[in-house]
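Residues per chain, in single letters:
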Amino acid sequence: MNIRSHIGNACIVAALVAAAPAVAQQADGYWGGSLDLNGTSLPIGVALERGEDGALVGTLDSPDQKAFDIPLSEVVADADTLSFLVPGIGAAYSGTWDAEAEAWQGVFSQAGMQFPLTLSAGQPPERTAEVKQPSLPNDWEMPGDDAIRTAITDRLAGRPGAEMIVGTVEAANARTISSDEASVNARTLFEIGSVTKVFTGLLLADMVLDGTVSLDDPVESYLPDGATMPRRDGRQITLRNLSQQDSGLPRLPDNLSPSDVTDPYADYTEADLLGFLAAYELPREIGSQYGYSNLGVGLLGYVLARAAKSDFETLMRTRILDPLGMEDTAITLTPDQQARFIGGFDQYMRPTSAWNLAVLAGAGGLRSTAHDMDIFLKAALDPESAIAPAMKLTLGETRQWPGFKAGLGWMITMAPAGEVIGHGGGTGGFRSYMGLQPATGRGVVALTNSAAEPSAQDIALHVLIGAPIAEAKAVPEAPTGVDRTEVKLSQEQLDRVTGTYRFNPDLALVVTRKGDQLMAAITGQGALPIFPRSEKEFFWRAVNAEIVFAEENGIVTGATFTQDGASSPLVKE
């Protein structure tokens, strides 16, 4: 598991044009950076200039994806902050000025995912050929089987062991397509990761409709006696907040410390969850900001099961899966299903473990098949289906955020022929995307057993609405392991390196000591133990990472963090 790993998955299109900024902290000009997408670096850049009215306007390009001149909107900048939306791809950026680094340090957000992004002054790349701004067609027709099969085959080239299957629904007709050499079929089971959040949202809606719960019920009212939820300014987190991702809870609990990082949630217990909730302090007002949280939706699944006096899987099967006839969608697999469950590969195409989300199953615990997902797509588009009332509620309760709307479990973006309603998913060895366009009566799902990027989402959106397919580069070689020769240090020596070290204003690594053990936690993630190789060099056993601390005049001032061969500087607060 990558120390920054997540269940969700995103399709990024991004960045650049113009001349270098005349004055660094002035936003006018060209700014370049790169996004780290599970080990794959995607160069991007942003061109900003003043319009005739003095307001900032700009474009965003991604040279590697041959995407240029994507318009920005709502560009706001002063000496200390920069923010903008990218409506065409449902994305947003927000950053602050770092005078020492002479760069904007911030976060690029798209479809609920967030990626650290530093933008520094630079020069636009040369365009070897005229490339037009990508735009979605107004009269798109879903491609035929051969075209989809070619896209799958091209994507899997150079990824031995990887498989992909695409399911489509149009006018109630369903089909599934894989490569010519595929060993998978419509009945092969894949992990679907955060696509589970859609099902958890439907479960919430179904329970609201029959009066079992209310959207505005406080989450705390469904916890065991004596357990508490964090509050802020006298306000409580509700079931609605958990599903719409504005609760203020972090992406992951900080007490998630897996014994096996290839199955990171397996040993996270109910007691761990309740202990975290009792101690956590919310960093912002409830409902004030979108913040994608696996913890939040996992908690939603947990409390819905408690409200129904059931377990999450039984509740999901009774209310959603069985009424639709989705016999192969499950958390716990039968022997027959286990025999049809395909193994996954990490971003370096190394075999990796399946995930067990335990108490947080509502965030991403389901496994499914293309056949079952086609059943779901048809039902979700059918106003007379068993889930139609719940679907209506999940899409009727929305909040507008930069670049997209959040429903109950859904992410909603615009396309020429109508809204696209969807969600992506990703676990240690799988990627998935499911999308619907109600106005055209079309739906698509793409499932793959590899975490190598690009993966499933861009192909799914191409099939559904004609979005461009990203160029797949060679899978990077797996990095060599770090030196894990451990030495013994005193508590005083360990204390010298404790503290908060920042990647950027929104992302930090916090080092603490518990007895003779140092623990390190990245923002929004659980603490993991680190071990000394020398007084200033420490390593992780759980992941392929190390940190080397730097000092000036005997005082630790920063560090260099390296994981899987990629290094990042850290500044100590």
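Structure: above.
Residues numbered from 1 in each chain as written. Predicted model: local features only at pLDDT ≥ 70, side-chain atom pairs only at ≥ 80, totals over all residues. Heavy atoms only, no water.

**Overview of helix α10 (residues 457–465)**
- The element α10 is extensively covered by neighbouring structure, given that 8 of its 9 residues are classed as buried.
- Restricting attention to buried positions, one finds in α10 the residues Q457, D458, I459, A460, L461, V463, L464 and I465.
- Looking at the residues trailing α10, positive phi occurs at G466, about 85 degrees. (Buried < 20%, exposed > 50% of the residue type's maximum accessible area, 1.4 Å probe, protein only. Helix = DSSP H or I, 4+ residues; strand = E, 2+ residues; numbered from the N terminus.)

**With respect to the sheet that holds strand β31 (residues 566–572)**
- Reading around the circumference, β24-β25-β26-β27-β28-β29-β30-β31 is the order of the 8 strands in this closed barrel, with antiparallel pairing throughout. Each strand of the sheet is rotated relative to its neighbour by a mean of 30 degrees, with strand direction disregarded.
- As paired elements, strand β29 (residues 545–552) and strand β30 (residues 555–563) share 8 bridges and run antiparallel to each other. Counted as the bridge partner of E546 is T562 from β30. (Pairing = 2+ DSSP bridges. Axes fitted to C-alpha atoms, helices over the stretch in contact; angles between N-to-C directions.)

**Regarding the packing of helix α2 (residues 196–209) against helix α5 (residues 294–307)**
- Packing of α2 against α5 brings their axes to within 10 Å, and their N-to-C directions diverge by 40 degrees. The handedness of the crossing between α2 and α5 is left-handed. Together, K197, T200, L203, L204 and M207 of α2 and N294, V297, L300, G301, L304 and A307 of α5 make up the contact between the two elements.
- A class-by-class count of the residues in the contact of α2 with α5 yields 7 nonpolar, 3 polar and 1 charged. (Left-handed = near helix turned anticlockwise from the far one by under 90°. Contact = heavy atoms within 4.5 Å. Nonpolar A, V, L, I, M, F, W, Y, C, P; charged D, E, K, R; others polar.)

**Looking at the nonpolar core**
- Counting 83 residues, the largest nonpolar core has F199, L299 and F376 as its most contacted members.
- In terms of residue count, the dominant contributor to this core is α5 (8 residues).
- Sequence-distant contacts of F376, that is, excluding residues within four places in its chain, are made with V198, F199, L202, L324, M326, I387, W410 and M434. (Core = buried A, V, L, I, M, F, W, Y, C linked by side-chain atoms within 4.5 Å.)

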